[in-house]
Amino acid sequence: MNQNQNKQSAISFLQMVASGKIREAFERQIAPDFRHHNPYFRGDAESLMLAMEENAVQSPHKTLEVKHAIADENTVAVHSHIKQNPEDLGVAVIHIFRFEGERIVELWDVGQAIPKESPNDHGMF
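Note that the structure is a prediction, hence the values are computed from the model and not measured.

Provide a residue-level description of the packing of aromatic side chains, including the pertinent values.
The tally for this structure, following the rule as stated, stands at four aromatic pairs. An angle of 75° between the planes, with centres 6.4 Å apart, marks the rings of phenylalanine 26 and phenylalanine 34 as edge-to-face. Each member of the pair, phenylalanine 26 as well as phenylalanine 34, carries the same accessibility label: buried. Of the aromatic side chains, those joined through ring pairs into one cluster are Phe13, Phe26, Phe34, Phe97 and Phe99.

Put into structure tokens, the structure is as follows:
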């Protein structure tokens, strides 16, 4: 796969997860030896998938808006605005994916809550 295909796969994975199609996203794009680095869950695919499914039940109106996506060889970074519900200010999140072939083998994510007020006129995006 080339960088552009990796970028599209990473975005597709996030969009499917946000829309509640978690198992389908994992079946299509996650490698058998996948690992992730979210400190709140075990580092395996099953633990992360179950947590994402639980979140989908709790937040059925979640939205994800991709702001930027950058690919460098087998690594893709996606900067997104995620809201758990329409009234939520949301979180700015960066997901970093590492690919082997056509599959995601590693994932990092960091997020920053969007404040109600900020002295920064440029905003988070």
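The structure having been displayed, the exposition proceeds.
Requested: an account of the environment of serine 12, with residues and values cited.
As for its position among the elements, serine 12 is in helix α1 (residues 3-18). Judged by its relative accessible area of 24%, serine 12 is partly exposed. Once the C-alpha coordinates of serine 12 and valine 78 are considered, the two residues, 66 residues apart in sequence, prove to be 11 Å apart.

Can you lay out the environment of valine 17 for me, pointing to particular residues and giving the numbers?
Along the chain, the position of valine 17 falls in helix α1. Linking valine 17 and valine 91, residues 74 residues apart in sequence, is a C-alpha distance of 16 Å. Every residue in contact with valine 17, bar those within four places of it in the chain, is listed here: Ile22, Ala25 and Met52.

Tell me about the sheet that holds strand β4 (residues 91-100), residues and numbers included.
The sheet built from five strands is open, its strands ordered β1-β5-β4-β3-β2 with mixed pairing. The open sheet has two edge strands with one neighbour each: β1 (30-36) and β2 (63-72). Each neighbouring strand pair of the sheet contributes to a mean axis angle of 25°, computed without reference to strand direction. Sheet analysis places β1 next to strand β5 (residues 103-113), joined by three bridges and oriented parallel. For arginine 35, the partnering residue across the bridge sits in β5 and is glutamate 106.

Could you give an account of the pattern of salt bridges, naming the residues involved and the relevant values?
According to the stated counting rule, one finds seven salt bridges in the structure shown. A salt bridge links glutamate 53 to arginine 23; the nearest nitrogen and oxygen atoms lie 2.7 Å apart. You can see glutamate 53 sitting in helix α3 (residues 45-58) and its partner arginine 23 sitting in helix α2 (residues 22-29), a full 30 residues away along the chain. For arginine 23, a relative accessible area of 40% puts it in the partly exposed group. Between arginine 98 and glutamate 106 there is a salt bridge, with the nearest N and O atoms lying 2.7 Å from each other. Overlapping salt bridges, with partners in common, bring together Arg35, Arg98, Glu100 and Glu106 in one network.

Rules of the game
Residues numbered from 1 in each chain as written. Predicted model: local features only at pLDDT ≥ 70, side-chain atom pairs only at ≥ 80, totals over all residues. Heavy atoms only, no water. Phe/Tyr/Trp six-rings, centres within 6.5 Å; stacked < 30°, edge-to-face > 60°. Buried < 20%, exposed > 50% of the residue type's maximum accessible area, 1.4 Å probe, protein only. Helix = DSSP H or I, 4+ residues; strand = E, 2+ residues; numbered from the N terminus. Contact = heavy atoms within 4.5 Å. Pairing = 2+ DSSP bridges. Axes fitted to C-alpha atoms, helices over the stretch in contact; angles between N-to-C directions. Salt bridge = Lys/Arg side-chain N within 4 Å of Asp/Glu carboxyl O.

Worth remembering: the numbers are spatial, not functional.
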